[in-house]
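# Working through the structure, step by step
This is what each chain is made of:
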Amino acid sequence: MKDGRANLENKRKFEGFALLTGACGGLGKAFSHELLKRNYNLIVTGTNLEKTQKWAEELKKTHKNAQILAFKLNLEDEKSIDALVKDVQNSGVKVTTLINNAGLIVEGGFLELSEEQVINAVKINCLGTISLTRKMLEASELKEILTTSSLGAFYPMPYMSIYASTKSFLEKLMVALREELKPRGVKVSVLCPGGIPTTDAMKDAIKSQGVGGKLTAKSPEHIANYAISKLKKNKAVVIPGFANRFVRFISRFVSEAYLAKRVSRMWIKANKRRTIK
């Protein structure tokens with residue numbers, strides 16, 4: 001398979017395709033399996049084409065009746081986005097669902113981050129997601145859009161200010177976009193999960209937060225299942241986990257300045273406990 005077009009001559013079992021960004025990460029892999037279990041055909045994308053192709057081949061072993069394509073996508077690069085859209089069009093597939101899952105986590109004090117880290121976070125989390133969503137809306141017949149944001153989108157987060165701000169941008173954008181796209185019959189949901197134990201570093205970070213980290217963390221499989229279920233019901237903002245929904249609810253009654261102070265204290269304490277930084 002050179003670029004994901006192999007086996008398209010086979011009879012398709014399903015009508016529509018879901019295009020998934022960030023497919024090779026922990027949550028991306030969970031989304032891949034969940035979409036296929038729900039009878040979607042799938043386009044997986046990632047910055048490393050070889051790795052993405054290998055993931056597509058693994059998926060085919062357990063989902064033999066589905067069509068699975070693999071393409072390269074770098075959300076930092078507008079030309080890469082254009083190339084993906086063109087590849088999808090040339091493949092002749094019908095993309096009905098877009099899962100904006102790719103994102104970049106940047107952590108640390110504002111002045112400790114390099115200019116490159118800041119710019120890349122904005123490019124990937126904001127500009128790239130905007131560009132891909134807009135171009136796929138123009139080039140295909142999308143009926144569903146799910147975008148991964150974060151529970152941090154609702155709070156000012158010292159030491160994760162850039163990341164949280166980009167995720168807040170996505171949350172506001174998608175809630176607004178769902179209203180604009182209602183006349184077209186497009187469902188739009190934004191996913192705002194808490195901690196996701198996908199890597200050793202993430203598991204360590206969650207553990208360092210104590211009971212709070214344990215209560216708010218959910219497995220990628222649970223999050224993917226919950227998110228797609230809520231997308232089907234056209235839920236605007238999707239927050240997996242009762243503890244996360246409760247925290248979000250009570251946070252509405254306190255000032256952002258107070259929240260920032262609390263988050264700062266928790267981050268400093270948790271960071272001292274971490275063994276992987």
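First things first, this report covers the structure right here in the doc. Because the structure is a prediction, the values reported are computed rather than measured.

With that out of the way, let us pick up the overall build of the protein chain. If you tally the helices and strands in the protein chain, you get 10 helices and seven strands. What you see for the protein chain is a C-alpha radius of gyration of 19 Å, in line with the 19 Å of a compact globule of 277 residues. The principal-axis extent of the C-alpha atoms belonging to the protein chain is close to 55 × 40 × 35 Å. Burial analysis of the protein chain (277 residues in total) assigns 49% to the buried set. Across the protein chain, the fraction of contacts at a sequence separation of at least 24, relative to all contacts at a separation of at least 6, is 73%.

This part is about helix 2 (residues 49-62). The end-to-end C-alpha distance of helix 2 is 21 Å, a good match for the 20 Å that 14 residues give at a rise of 1.5 Å each. If you check the start of helix 2, you find a side-chain oxygen 3.1 Å away from the backbone N of Glu50, and it comes from Asn48.

Attention now moves to the pairing of strand 4 (residues 95-100). Counting buried residues along strand 4, six of its six residues qualify, which places the element largely inside the surrounding structure. Of the pairings in the sheet, the one linking strand 1 (residues 17-20) to strand 4 comprises four bridges and is parallel in character. In the strand pairing of strand 4, Leu20 is matched with Ile99. When strand 4 meets strand 5 (residues 144-148), the two strands line up parallel, connected through four bridges. By the bridge assignment for strand 5, Ile99 is matched with Leu146.

This part covers the packing of helix 1 (residues 26-37) against helix 2. Contact pair helix 1 / helix 2: the axes reach a minimum separation of 11 Å and the direction vectors enclose 35 degrees. Note that helix 1 runs across helix 2; the crossing there is right-handed. Taken together, the residues of helix 2 that come into contact with helix 1 (itself represented by Lys29, Ser32, His33 and Leu36) are Trp55, Leu59 and Thr62. Broken down by class, the residue content of the contact of helix 1 with helix 2 amounts to three nonpolar, three polar and one charged.

Next up on the list: the packing of aromatic side chains. Counted by the stated rule, this structure contains four aromatic pairs. Here Phe154 and Tyr155 contribute two aromatic rings whose centre-to-centre distance is 6.4 Å and whose plane-to-plane angle is 75 degrees, an arrangement assigned as edge-to-face. Take Phe154: its relative accessible area is 11%, and that puts it in the buried class. Classification of Tyr155 by relative accessible area gives buried; the value is 12%. Ring centres of Phe249 and Phe253 lie 5.3 Å apart, and the angle between their planes is 75 degrees; on these two criteria the pair is classed as edge-to-face.

What counts as what
Residues numbered from 1 in each chain as written. Predicted model: local features only at pLDDT ≥ 70, side-chain atom pairs only at ≥ 80, totals over all residues. Heavy atoms only, no water. Helix = DSSP H or I, 4+ residues; strand = E, 2+ residues; numbered from the N terminus. Rg over C-alpha atoms; globule rule 2.2 N^0.38 Å. Buried < 20%, exposed > 50% of the residue type's maximum accessible area, 1.4 Å probe, protein only. Contact = heavy atoms within 4.5 Å. Expected span 1.5 Å × (residues − 1). Polar contact = N/O pair within 3.5 Å; in protein donor to acceptor, adjacent residues only side chain to side chain. Pairing = 2+ DSSP bridges. Axes fitted to C-alpha atoms, helices over the stretch in contact; angles between N-to-C directions. Left-handed = near helix turned anticlockwise from the far one by under 90°. Nonpolar A, V, L, I, M, F, W, Y, C, P; charged D, E, K, R; others polar. Phe/Tyr/Trp six-rings, centres within 6.5 Å; stacked < 30°, edge-to-face > 60°.

As far as function goes, none of this settles anything; it's purely spatial.
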